[in-house]
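# Descriptive structure summary
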Amino acid sequence: MGKTYERIDGRLRTFIESQPLFFTATAPLAADGTVNLSPKGLKGSFAVLDERTVAYLDFAGSTAETVAHLRENGRITLMWCAFQGPPNIVRVHGRGEAVLRDDPRFAELVARFPDIDPSRHGLRAVIVVTAELIRDSCGYAVPLMAYEEDRDLHGRRFAREDDASLSAYFAKKEHIATSLDGLPGLPLPLPPSTV
C-alpha cells in the first residue's frame, strides 16, 4: 500500500503541486507542549524547490506556532490528500526553517512564487522544508470533495496593511511573538519587507 520515495519528482511532484490544500504539523520538544496542525491553501503559495526541498509562504494569522516550533527544533510534516481523482495521501517528514523577512535569502525565495502578490497577504516568512522521509499511502477513506476556488477574504483583509500597521496588528495578538507554550515566535517589530 504505502511506498517510500527518495525524491520529489515525476508523478509525486505533479500530485503535490496540483493539490489546492495541504496540512502542516509541528510540535515543541516539551512532552506536554501543544501540537500544531494547520491547513494551507492559496494557489501559488507552495513550491517544489528541488527534489528534496519544498517551500511555502507563511502569511499573517492569529498565531505563529509553526514559526516558533521550527525555531526551537525544526521538525515538520507536510501532508497532501487527494480529494478528487484516484485516492492518495503524501507525507513529507523533514526539517524546516522559517526564513524571515530580514534574511538575505528572503527576496530570492519569494521570487519562487511568481503567482502571489506578497503585499496582499501580510507575508511573514517563507517556510523551507528539507525532506528526510517521503511516503505515500492509499487514502481510501479520504472523501471525494470538489474544489471551487480560493477564498479572497485573507487577501482583502491584509491588503490594507503596510509594514508598520502589520507589525502593530501582530503586536496586539497574544501568540505571535510568543507561542501558546511560551516559545519565541515571530520576532517583532516585523522587519520591513525586502520584496
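Before reading on, note that the structure itself is shown above.
This write-up is about the structure you can find in this document.

Cut-offs and rules
Residues numbered from 1 in each chain as written. Predicted model: local features only at pLDDT ≥ 70, side-chain atom pairs only at ≥ 80, totals over all residues. Heavy atoms only, no water. Phe/Tyr/Trp six-rings, centres within 6.5 Å; stacked < 30°, edge-to-face > 60°. Helix = DSSP H or I, 4+ residues; strand = E, 2+ residues; numbered from the N terminus. Buried < 20%, exposed > 50% of the residue type's maximum accessible area, 1.4 Å probe, protein only. Lys NZ or Arg CZ within 6 Å of the ring centre and 35° of its normal. Core = buried A, V, L, I, M, F, W, Y, C linked by side-chain atoms within 4.5 Å. Contact = heavy atoms within 4.5 Å. Pairing = 2+ DSSP bridges. Arc of directions from axis to C-beta.

In this structure the tally under the stated criterion is 6 aromatic pairs. With centroids separated by 5.4 Å and ring planes inclined at 75°, the aromatic side chains of Phe158 and Tyr169 adopt a geometry described as edge-to-face. Highlighted residues: Phe158 in helix α4 (residues 153-158) and Tyr169 in helix α5 (residues 163-172), separated in sequence by 11 residues. Between the aromatic rings of Tyr169 and Phe170, the centroid separation amounts to 5.7 Å while the plane-to-plane angle is 55°, which identifies the pairing as tilted. Both residues of the pair, Tyr169 and Phe170, count as buried. Taken together, the ring pairs in this structure connect Phe22, Phe46, Tyr56 and Trp80 into an aromatic cluster. The ring of Phe158 carries Arg157 above its face, with NZ or CZ at 4.6 Å from the centroid. Over the face of the ring belonging to Tyr169 we find Arg157, whose NZ or CZ atom lies 4.8 Å from the ring centre.

Right, let's get into the nonpolar core. Ile16, Phe46, Leu78, Trp80, Ile127 and Phe170 are the most contacted members of the largest nonpolar core, which has 34 residues in total. Mapped by element, the contributors of at least two residues to this core are α1 (10-18), β4 (46-50), β5 (53-58), α2 (65-72), β6 (75-81), β7 (89-100), β8 (125-137) and α5. If you tally residues by element for this core, the top one is β8, at 5 residues. Apart from residues lying up to four places away in sequence, Phe46 is in contact with Ile16, Phe22, Val54, Ala55, Tyr56, Trp80 and Phe113. Of all hydrophobic cores here, the second largest spans 14 residues; its members include Ala47, Phe106, Leu109 and Ile116.

Attention shifts here to the side chain of Arg124. As for its placement among the helices and strands, Arg124 is situated in the loop between α3 (106-110) and β8. With a relative accessible area of 4%, Arg124 lands in the buried category. Setting aside its immediate chain neighbours within four residues, Arg124 contacts Asp58, Phe59, Ala60, Gly61, Thr63, Ala64, Leu100, Arg101, Phe170, Ile176 and Leu186.

Burial within β4 is extensive, with 4 of its 5 residues counted as buried. Where β4 meets β5, 4 bridges bridge the pair, whose relative direction is antiparallel. By the bridge assignment, Asp50 is partnered in β5 with Thr53. Adjacent in sequence and paired antiparallel, β4 and β5 are bridged by 2 residues.

On to α1. Taken together, the buried positions of α1 are Leu12, Phe15 and Ile16. One face of α1 carries all of its buried residues, which in axial projection span an arc of 95°. Away from its buried face by more than 90 degrees, α1 exposes Arg11 and Thr14. Looking at the buried residues of α1, the elements they touch are β1 (3-5), β4, β6, β7 and β8.

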